[in-house]
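Here's the letter readout for the chains.
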Amino acid sequence: MEIFLDTANVDEIREAVEWGVVSGVTTNPTLVAKEGRNFHQVLKEICNLVRGPVSAEVLSLEAEGMLQEARELARLDPNIVIKIPVIPGGMKAVRALAREGIRANVTLVFSAPQALLAARAGAAFVSPFIGRMDDIGQEGTAVLEDIIKIFRNYQYPTKVIAASIRHPRHVLEAARLGAAIATVPFAVLAQMFKHPLTDLGIARFQADWEKAKGI
Ligand code: E4P
């Protein structure tokens, strides 16, 4: 499973790329607004840091407006993927963009039928938000499992991105279910390193080496 970073913070991206574990980035309007910087400038910097898909979201709610925004964003870098919400106008835009060779990531997906529509429209990626489903008592991973199964049944090329990841267990579940990608916040990525026995083991090796050094 590939790991994308779910952030618009270039320092976090730089660090995670240096760890060698990140192959793409997803952003959304909330994450970009948090940075308080020019959207296009941030996207260009991200594309210079990571050699993989970088999702940037459109804000229009009509197909025409979405297409205009999408074409402008796609001109920034060949790795830009257009994030589009799963609404009727959005699917119209996804279809038109696919014909132009511009990839779309259909976002705000909370059900398997929504994901099916995205695949039918020609989305390159679909992003079920598993954490937000868990937040309201829906089982996010059950929806993820259905989507993966349906895409396999019909061999849709659309890649499933497990999104709205809250903790390393979500990453584990996404990998067990066979998601192509999990997009994770930096804090969760950092948590994935953590195990008390790793810390204990390092401390013990260091202490033992200190004792043996003088021999
Ligand atoms: C996906 O691409 C979204 O940016 C993201 O995962 C949203 O997650 P949230 O529920 O943490 O806002």
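Criteria and cut-off values
- Residues numbered from 1 in each chain as written.
- Predicted model: local features only at pLDDT ≥ 70, side-chain atom pairs only at ≥ 80, totals over all residues.
- Heavy atoms only, no water.
- Buried < 20%, exposed > 50% of the residue type's maximum accessible area, 1.4 Å probe, protein only.
- Helix = DSSP H or I, 4+ residues; strand = E, 2+ residues; numbered from the N terminus.
- Pairing = 2+ DSSP bridges.
- Right-handed = clockwise from strand over helix to strand, strands pointing away.
- Axes fitted to C-alpha atoms, helices over the stretch in contact; angles between N-to-C directions.
- Near = heavy atom within 4 Å.
- Polar contact = N/O pair within 3.5 Å; in protein donor to acceptor, adjacent residues only side chain to side chain.
- Areas by Shrake-Rupley, 256 points an atom, 1.4 Å probe, with all protein chains shown as cover.
- Nonpolar A, V, L, I, M, F, W, Y, C, P; charged D, E, K, R; others polar.

Time to look at the pairing of strand E8 (residues 181-184). Neither face of E8 is open: one carries Ile 181 and Thr 183, the other Ala 182 and Val 184, and all of them are buried. One ladder, built from 4 bridges, connects strand E1 (residues 2-6) with E8; its direction is parallel. The residue of E8 that forms the bridge with Phe 4 is Thr 183. Sheet topology note: the strand E7 (residues 159-162)/E8 ladder contains 2 bridges and is parallel. When the bridges of E8 are listed, Ala 162 appears paired with Ala 182. Of the crossover connections in this fold, the one passing from E7 over helix H9 (residues 168-177) to the parallel E8 is right-handed.

Looking now at the sheet that holds strand E4 (residues 80-85). One closed barrel accounts for 8 strands, arranged E1-E2-E3-E4-E5-E6-E7-E8; its pairing is parallel. Sheet twist, expressed as the mean angle between neighbouring strand axes with direction ignored, is 30°. By the bridge criterion, 4 bridges tie strand E3 (residues 54-57) to E4 in an arrangement that is parallel. By the bridge assignment, Ser 55 is partnered in E4 with Val 81.

Let us look at the site of the ligand. Every residue near the ligand is listed here: Asp 6, Thr 26, Asn 28, Lys 83, Phe 129, Arg 132, Ala 163, Ser 164 and Arg 166. In the model, an oxygen atom of the ligand is placed 3.0 Å from a nitrogen or oxygen of the Arg 166 side chain. Protein coverage of the free-state accessible area of the ligand, which is 350 Å², stands at 86%. Residues of the shell around the ligand, tallied by class, amount to 2 nonpolar, 3 polar and 4 charged.

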